[in-house]
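What follows is each chain in one-letter form.
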Amino acid sequence: MILSQLSIAPVGVGVSLSKYVKIVLDVLRENNIKFETNDMATVIETKDLDTLFDVVKKAHVAVLDMGAKRVITELKIDDRRDKDIRLGTKVKSLQ
């Protein structure tokens, strides 16, 4: 499994970005992606890189399709091959 942290932000659309965050979460749900959202980003669990890049592209384009003229997408990837990692695995290891 791959864990990643995603943040997609349109530029120049005002102060509140909640409607853009909601559309990104809708894209993740529509593609059956497991995720957790926090105050700063969304953590995503995917089976492989192709799935991850496909859904990130769809989310990025969805924000552009809402009328944003500029979008900044940040993606951080944890691709661990020696151990099965899933959402919550890292937090559980701290307990």
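This text follows the structure it describes.
Residues numbered from 1 in each chain as written. Predicted model: local features only at pLDDT ≥ 70, side-chain atom pairs only at ≥ 80, totals over all residues. Heavy atoms only, no water.

Draft legend 1. Just the overall build of the chain, in detail. When helices and strands are tallied, the chain shows three helices and four strands. What you see in the chain, going N to C, is helices and strands ordered as β-α-β-β-α-β-α. For a compact globule of 95 residues, the expected C-alpha radius of gyration is about 12 Å, and the chain comes in at 14 Å, within 12% of that figure. Dimensions of the chain, computed from the C-alpha atoms along their principal axes, are close to 40 × 30 × 20 Å. For the chain, buried positions account for 28% of its 95 residues. (Helix = DSSP H or I, 4+ residues; strand = E, 2+ residues; numbered from the N terminus. Rg over C-alpha atoms; globule rule 2.2 N^0.38 Å. Buried < 20%, exposed > 50% of the residue type's maximum accessible area, 1.4 Å probe, protein only.)

Draft legend 2. Structural detail: the nonpolar core. In terms of nonpolar packing, the biggest core is built from 18 residues, with L6, I8, V24, L28, I44, V55 and V63 touching the most fellow members. By residue number, the principal contributor to this core is helix α2 (residues 49–65), which donates six residues. Look past the residues within four positions of L6 in its chain and what remains in contact with it is V24, A41, T42, I44, V56, T73, E74 and L75. (Core = buried A, V, L, I, M, F, W, Y, C linked by side-chain atoms within 4.5 Å. Contact = heavy atoms within 4.5 Å.)

Draft legend 3. Representation of the packing of helix α1 (residues 18–30) against α2 within the structure. The geometry of α1 relative to α2 is characterised by a closest axis approach of 9 Å and an angle of 145° between their N-to-C directions. Handedness of the α1/α2 crossing: right-handed. For the pair α1 and α2, contact is made by Y20, I23, V24, V27 and L28 and by V55, K58, A59, A62 and V63, respectively. For the contact of α1 with α2, the class distribution of residues is nine nonpolar, no polar and one charged. (Axes fitted to C-alpha atoms, helices over the stretch in contact; angles between N-to-C directions. Left-handed = near helix turned anticlockwise from the far one by under 90°. Nonpolar A, V, L, I, M, F, W, Y, C, P; charged D, E, K, R; others polar.)

Draft legend 4. Focus on the environment of V21. Locating V21 in the fold gives a position in helix α1. For V21, a relative accessible area of 35% translates into the label partly exposed. Taking the C-alpha atoms as reference points, V21 and P10, separated by 11 residues in sequence, lie 9.8 Å from one another.

Draft legend 5. Representation of the sheet that holds strand β3 (residues 42–46). The strand order β2-β3-β1-β4 describes an open sheet built from four strands, whose pairing is antiparallel. Each edge of the sheet is formed by a strand with only one pairing partner; in this case those strands are β2 (34–37) and β4 (71–79). When the angles between neighbouring strand axes are averaged without regard to direction, this sheet yields 20°. Judged from the five bridges that link them, strand β1 (residues 2–10) and β3 form a sheet pairing that is antiparallel. When the bridges of β3 are listed, Q5 appears paired with V43. On the sheet, α2 packs against β1, β3 and β4 and is oriented at approximately 165° with respect to β4. (Pairing = 2+ DSSP bridges.)

Draft legend 6. Molecular detail of the pattern of salt bridges. One pass over the structure, following the stated rule, counts six salt bridges. Of the charged contacts in the structure, one is a salt bridge between R86 and E45, with a shortest N-O distance of 3.3 Å. With R86 in the loop between β4 and α3 (89–92) and E45 in strand β3, this residue pair connects regions lying 41 residues apart in the sequence. Of the charged contacts, one joins D84 and R86 as a salt bridge, the two residues approaching to 3.2 Å between their closest N and O atoms. A residue is classified by how much of its surface remains accessible, and D84, at 47% relative accessible area, is partly exposed. It is possible to trace a salt-bridge network through shared partners that takes in E45, D84 and R86. (Salt bridge = Lys/Arg side-chain N within 4 Å of Asp/Glu carboxyl O.)

By themselves, these observations are geometric and do not establish any function.
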